[in-house]
Amino acid sequence: MAAPEGRPTGGEGRVAGKVAIVTGGGQVPGPGVGTGKATALLLARHGASVVLVDNEPDRAEVTRKEIEQLGGAAVVVAGDVTVAADAERFTQAALDSFGRLDVLVNNVGVSRPGSILDTTEDSWDDLLRINLKSVYQVSRFAIPAMAATGGGSVVNISSIGALRAIGFAAYSAAKGGMISLSQEMAAAHGPQGIRVNVVVPGSVQTPRTQGAAEKLGQDLGEIQKTAAAVLPLGTVTHGTGWDIAYAALFFASDESSWISGQVLAADGGASVTLPAVALASLRQRQAG
Ligand SMILES: NC(=O)c1ccc[n+]([C@@H]2O[C@H](COP(=O)([O-])OP(=O)(O)OC[C@H]3O[C@@H](n4cnc5c(N)ncnc54)[C@H](O)[C@@H]3O)[C@@H](O)[C@H]2O)c1
């Protein structure tokens with residue numbers, strides 16, 4: 001069936017010819033796939049050239065090799081998303097390597113549980129810097145480059161903590177701030193052809209969360225089983241990096257060309273049932 005006029009044809013070329021930066025394009029070693037890596041692989045599979053940003057470049061090198069095996073193009077840029085000089089280099093690398101920039105996926109994020117009383121000032125500053133300031137830092141260099149060739153798409157990876165209390169005060173504050181910032185960016189830069197949208201992942205099994213849970217002595221599988229039991233989509237569709245990556249791909253592609261400033265939860269339905277999730281987990285703890 002022919003695609004409607006002016007629409008992408010789907011298939012494997014949903015972002016064909018575009019150039020994308022994915023921050024956190026590597027992943028910590030471990031089972032499963034990280035959101036950044038899944039997004040980079042999916043963008044490449046659909047025809048984009050990818051700049052893989054990571055402060056641990058060896059991790060991004062693994063993603064680059066996999067993209068190359070798929071027949072795609074990618075480069076690795078080592079750097080910290082919170083540092084201005086590094087952020088400037090990410091955009092420069094896209095221009096030097098591929099001649100333009102169309103997509104920025106702000107994926108880097110770090111979480112730590114605790115109420116504000118459990119959160120030291122240093123920890124608060126760290127979480128706000130890595131999760132929120134990074135979006136400001138990387139976007140302010142990327143947006144002018146995208147605008148120079150008619151526009152582009154910024155995709156910010158937030159968290160369900162932005163929409164519901166999950167017991168991660170500083171992290172959730174930063175991720176909520178990301179939604180407000182995205183709306184400001186969408187309004188300010190829309191006239192230059194820049195779209196800005198947010199993906200809100202629910203609890204997703206990635207190597208990073210597995211490692212974090214282990215450090216805290218938590219059984220992530222058990223926590224996710226409890227949560228999934230009361231999710232509308234149940235245990236059938238357990239969230240993975242791919243679920244988030246497909247939402248990011250949609251916002252990156254021209255399929256969403258009339259959508260900006262929006263928030264899409266990829267969470268198995270958790271954002272409509274989280275109070276029940278919290279209750280179920282509380283009940284389980286009380287029973288234990
Ligand atoms: N996994 C979940 O359950 C979950 C839930 C909600 C939201 N999220 C969000 O999804 C995003 C991706 O999470 P993930 O677990 O898939 O991680 P990921 O595997 O996509 O990213 C981790 C990568 O980021 C790199 N990185 C970390 N700090 C960096 C920095 N300052 N500069 C450059 N690179 C840096 C790491 O080296 C690692 O390779 C995050 O923003 C996270 O907050 C995840």
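Look up a bit, the structure's there.
Quantities reported herein were computed from a predicted structural model and do not represent experimental measurements.

Caption draft 1: Representation of helix α1 (residues 35–45) in the model. Where burial is concerned, most of α1 is hidden: 10 out of the 11 residues are buried. Buried within α1 we find Thr35, Gly36, Lys37, Ala38, Thr39, Ala40, Leu41, Leu42, Leu43 and Ala44. Looking at the buried residues of α1, the elements they touch are β1 (19–23), β2 (49–54), α2 (57–69), β4 (103–106), β5 (152–157) and α8 (241–252).

Caption draft 2: Here's a closer look at the site of the ligand. Among the 28 residues in the neighbourhood of the ligand, the closest are listed as Asp54, Arg59, Asn107, Tyr171 and Arg208. A distance of 2.8 Å is found between an oxygen atom of the ligand and a backbone nitrogen or oxygen belonging to Gly36. Taking Arg59, its side chain carries an N or O atom lying 2.7 Å from an oxygen atom of the ligand. In isolation the ligand offers 850 Å² of accessible surface; the protein chains occlude 94% of this area. Among the elements of the structure, α1, α5 (169–189) and α6 (207–215) are those that each provide at least two residues to the shell around the ligand.

Caption draft 3: Just the nonpolar core, in detail. Leu43, Val50, Leu52, Ile67, Val105, Val155 and Val199 are the most contacted members of the largest nonpolar core, which totals 30 residues. Counting residues per element, the ones that place at least two in this core are β1, α1, β2, α2, β4, β5 and α8. If you tally residues by element for this core, the top one is α8, at 7 residues. Once residues within four sequence positions are removed from consideration, Leu52 is found in contact with Val22, Gly25, Ala40, Ala60, Thr63, Arg64, Ile67, Ala74, Val75, Val76 and Val77.

Caption draft 4: Expanded view of the pattern of salt bridges. Taken as a whole and assessed by the stated rule, the structure comprises 9 salt bridges. Between Lys37 and Glu66 there is a salt bridge, with its nearest N and O atoms 2.8 Å apart. Remark: Glu66 occurs in helix α2 and Lys37 occurs in helix α1; sequence separation between them is 29 residues. Here Glu66 falls in the partly exposed class, since its relative accessible area comes to 29%. Through salt bridges with shared partners, a single ionic network connects Glu61, Arg64 and Glu68.

Calculation notes
- Residues numbered from 1 in each chain as written.
- Predicted model: local features only at pLDDT ≥ 70, side-chain atom pairs only at ≥ 80, totals over all residues.
- Heavy atoms only, no water.
- Buried < 20%, exposed > 50% of the residue type's maximum accessible area, 1.4 Å probe, protein only.
- Helix = DSSP H or I, 4+ residues; strand = E, 2+ residues; numbered from the N terminus.
- Contact = heavy atoms within 4.5 Å.
- Near = heavy atom within 4 Å.
- Polar contact = N/O pair within 3.5 Å; in protein donor to acceptor, adjacent residues only side chain to side chain.
- Areas by Shrake-Rupley, 256 points an atom, 1.4 Å probe, with all protein chains shown as cover.
- Core = buried A, V, L, I, M, F, W, Y, C linked by side-chain atoms within 4.5 Å.
- Salt bridge = Lys/Arg side-chain N within 4 Å of Asp/Glu carboxyl O.

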